[in-house]
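Now for the letters of each chain:
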Amino acid sequence: MTKEIVQPATAFASPRFCNSGNFMRMQRFDNAEGLDFAIYGIPFDTACSYRVGARFGPQAIRNISVMMKTNNPVHEVNILDYLKGGDLGDVNIIPGYIHPTYDAIEAFTAEILAAGAIPIALGGDHSITLGELRAVAKKHGPVSLLHFDSHADINDEVFGEKYNHGTPFRRAIEEGLVDPHKSVQIGMRGSIYDAGEFKLAKDLGLTLIPTHKVREMGIKETIQKAREVIGDNKVFLTFDIDFLDPAYAPATGTPEVGGYTSLEAIQIIRDLKGLNFVGMDIVEVAPPYDIAEITSLLAANIVFEFLSILAIDKKEKAE
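Residues numbered from 1 in each chain as written. Predicted model: local features only at pLDDT ≥ 70, side-chain atom pairs only at ≥ 80, totals over all residues. Heavy atoms only, no water.

Draft legend 1. Highlighting the pairing of strand 5 (residues 118-123). Summarising burial for strand 5: 6 of the 6 residues are buried, a large majority. Here strand 5 shows two buried faces, one formed by I118, I120 and L122 and the other by P119, A121 and G123. Across 6 bridges, strand 1 (residues 37-42) lies against strand 5 in parallel orientation. Paired with G41 across the two strands is L122, which belongs to strand 5. Of the pairings in the sheet, the one linking strand 5 to strand 10 (residues 276-283) comprises 3 bridges and is parallel in character. Looking at strand 10, one finds that I120 is bridged to M280. (Buried < 20%, exposed > 50% of the residue type's maximum accessible area, 1.4 Å probe, protein only. Helix = DSSP H or I, 4+ residues; strand = E, 2+ residues; numbered from the N terminus. Pairing = 2+ DSSP bridges.)

Here it is as structure tokens:
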């Protein structure tokens, strides 16, 4: 059954505080059949190493996303004129139990992929990405990882455990879910446990561009480097909100100073237009530490900008 494109209720007719349970007040669907993209929440945060609270991230991002309209003035596109999409609700995670939660994440994501839609997850801590990548790899084979974060998340163990929000990409490489030689990590900074961590990333085959190198190269050159590494490979975008400086995104579990501005983050997403995306998530938004919802609002804008580049790519292919 073909689903029609339906615009959300305009704020001129319906107050923003009404019908706020879905991302951007999009339609709620039971499945992704006929959709180009599907928004879903993964409210799991019991793999955190410091501050918890990201289990409330999906709800907070959805709540403030009522501020978002569907037109992007930079790309000159209404995302829902070119994309069919909606909100599928949340994965039924099991608090405190990461392996059955991984199974639930993988199954939920796999259903979206089987329907031909692009999964876009609202986290949740960064451990959730491993479950998503398991489903993505079964559909597409090893993909390129495009990873924005202040941490590389390639530890072998944290507290003696292999599965934690600091280990997902080490496990993803070991499981053959991503092609490290076509994957890029951007924005790492701050103090680290192991002085050889950046070398470890290289040894694993990853291209890691830490913040001090980004500042030397400039953002445009950094994104161009990422494009060269990725090529035309299928890409999964994972965006940890602590990529941003805590002045712009205070609500996260492991903040690091010396990060990026909200404008820089939005410009980065806009510059990713044309890459062959097969999935995306935004993680580590922990609302209990927020101020005036600024972190959740930024996360909602990042998802909107991602949807915008999907829409403009589809528009340009149709022309």
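Draft legend 2. Expanded view of the sheet that holds strand 1. With parallel pairing, the 8 strands of this open sheet are ordered in space as 4-1-5-10-9-6-7-8. Strands with a single pairing partner mark the edges of an open sheet, and in this sheet they are strand 4 (85-90) and strand 8 (207-209). Neighbouring strand axes in the sheet, compared pairwise and without regard to direction, differ in orientation by 15° on average. Taken together, the 3 bridges between strand 7 (residues 184-186) and strand 8 define a ladder with parallel strand orientation. Opposite I186, over in strand 8, you have I209 as the bridge partner. (Axes fitted to C-alpha atoms, helices over the stretch in contact; angles between N-to-C directions.)

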